[in-house]
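# Residue-level structural notes
The lines below spell out each chain.
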Amino acid sequence: MHETTVMLIELGAVILGLGLVGRFAGRIGMSPIPLYLLGGLAFGRGGVFPLSATENFIEVGAEIGVLLLLLLLGLEYTAAELVTSLKTQYPSGIVDFLLNATPGALAGLLLGWGPAGVLALAGVTWISSSGVIAKVLTDLRRLGNRETPVILGVLVMEDLSMAVYLPLLSAILAGAGLAGGSVTLLVALGTVGAVLYVALRHGRFISRAVSSDTPEMLLLVVLGLTLLVAGIAQRLQVSAAVGAFLVGIALSGETATSARALLTPLRDLFAAVFFVFFGLSTRPAEIPPVLVPALLLAVVTIVTKVLTGWYAARRAGVNRRGRLRAGGALVARGEFSIVIAGLAVSVEPDVGPLATAYVLLLVIAGPLAARWTEPAVGVLRALLTRGRREQEDGSPPAGAASGAAGDSGGDSGKGVDSGEGAASGTLRH
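## Focus: the pattern of salt bridges
It is possible for side chains bearing opposite charge to pair when their charged atoms get close. One pass over the structure, following the stated rule, counts 5 salt bridges. A salt bridge links K305 to D96; the nearest nitrogen and oxygen atoms lie 2.9 Å apart. With a gap of 209 residues between them, K305 in helix α12 (residues 291–315) and D96 in helix α4 (residues 79–110) connect regions that are remote in the sequence. A residue is classified by how much of its surface remains accessible, and K305, at 0% relative accessible area, is buried. A salt bridge links R325 to E147; its shortest N-O distance comes to 2.9 Å. With R325 in helix α13 (residues 320–329) and E147 in the loop between α6 (130–139) and α7 (148–173), this pair connects stretches of sequence that are 178 residues apart. By the burial criterion, R325 is buried, and E147 matches it.

Structure, rendered in structure tokens:
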């Protein structure tokens with residue numbers, strides 16, 4: 001009885017604390033994820049107030065949090081949208097992978113990690129945070145901007161890639177050889193393909209079978225189905241998270257809309273528990289030694305994500321300002337990076353502290369980059385132009401001035417502000 005009492009007190013304090021820090025984060029306009037991670041560090045091993053009675057409960061809650069994150073993400077897309085994104089965005093997805101996974105892989109090699117650690121860190125630096133980015137786009141009122149579908153397309157490609165990446169990482173972490181890893185990858189690809197086919201051809205029948213006029217029944221059926229499929233997927237070494245994602249894809253229409261409304265509060269609760277649990281499993285003393293590599297990785301991958309957004313938006317015919325906004329919006333890392341590190345920490349313990357520090361840096365820098373990348377580059381270009389003019393002898397000659405004006409006009413003709421005037425770009429800020 002005493003242990004139950006202590007567990008209730010600890011659990012109540014944790015959930016209340018999450019609510020308070022979440023409200024504080026909302027007041028100052030930032031994501032609550034870094035505060036959740038810091039809270040976990042404070043209450044974990046080596047923290048200020050270590051938890052004892054609730055650790056097992058929080059671990060189970062963290063597993064459910066991952067599944068709900070992926071389920072809700074799957075509910076955001078239909079199978080047709082995913083197939084369309086695959087056809088139109090795959091070049092951007094390839095560039096995204098090469099530019100952003102490479103720094104993590106190189107860092108893992110320089111740190112002397114094994115294949116599992118290298119692959120995990122590559123994933124940590126590759127995947128942007130869909131949750132943080134969606135909130136930032138909403139807060140900045142950019143959902144109607146021309147670059148927003150490009151941003152979402154890149155995120156969809158990353159989410160789909162997780163259906164292959166996570167099983168492959170799980171196989172390597174489990175010590176499977178080349179043959180075992182190949183079988184796991186083929187099973188994962190076959191499962192994803194089969195689910196997409198069923199969702200495209202028979203999605204409305206699945207949704208109709210799951211649908212219910214009673215919210216309670218719909219909640220129980222969707223949640224139970226998700227846990228069941230996730231468990232079977234884990235048994236097949238496809239990854240429980242991917243199983244939950246595929247359940248979300250299979251549901252569509254009114255069923256998906258109703259399920260989102262019912263499951264969103266549960267997702268927010270258990271996702272917060274997940275971030276706390278990841279902080280609990282990391283010793284605070286392990287963070288300072290990895291701050292320098294985390295900071296270097298953060299700086300490099302901020303640049304590579306901006307380049308990714310620029311490339312993807314340019315392919316879609318978006319103007320220069322929109323390309324910069326797209327790149328800045330993709331900077332934030334979050335839930336997927338922590339999920340990957342959480343899988344790998346048992347094999348490569350150093351992944352946890354480095355990923356925690358890295359995510360803390362970029363989940364704070366992400367909203368700032370989304371807001372200020374385009375204005376900052378504009379100011380920098382103006383300063384560079386002024387500096388070049390000041391290096392000349394006195395005022396530039398008339399021919400040079402007209403040449404500069406001609407260059408500016410040429411940029412406009414090339415699409416610097418095509419489709420969106422300077423005034424409208426300013427209003428969207």
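## So, the packing of aromatic side chains
Applying the stated criterion to the full structure yields 2 aromatic pairs. When the ring of F97 is compared with that of W126, the centres are 5.0 Å apart and the planes differ by 75 degrees; the resulting orientation is edge-to-face. A residue pair is termed long-range when its members are at least 10 positions apart, and F97 in helix α4 and W126 in helix α5 (residues 115–126) qualify at 29 residues. Residue class for F97 comes out partly exposed when judged on its relative accessible area of 38%. Ring centres of W126 and Y165 lie 6.0 Å apart, and the angle between their planes is 85 degrees; on these two criteria the pair is classed as edge-to-face. One end of the pair, W126, is in helix α5; the other, Y165, is in helix α7, and 39 residues separate them in sequence. Exposure remark for W126: the relative accessible area of 7% places this residue in the buried category. Here the aromatic residues F97, W126 and Y165 are joined through ring pairs into a cluster of three or more.

Rules behind the numbers
- Residues numbered from 1 in each chain as written.
- Predicted model: local features only at pLDDT ≥ 70, side-chain atom pairs only at ≥ 80, totals over all residues.
- Heavy atoms only, no water.
- Salt bridge = Lys/Arg side-chain N within 4 Å of Asp/Glu carboxyl O.
- Helix = DSSP H or I, 4+ residues; strand = E, 2+ residues; numbered from the N terminus.
- Buried < 20%, exposed > 50% of the residue type's maximum accessible area, 1.4 Å probe, protein only.
- Phe/Tyr/Trp six-rings, centres within 6.5 Å; stacked < 30°, edge-to-face > 60°.

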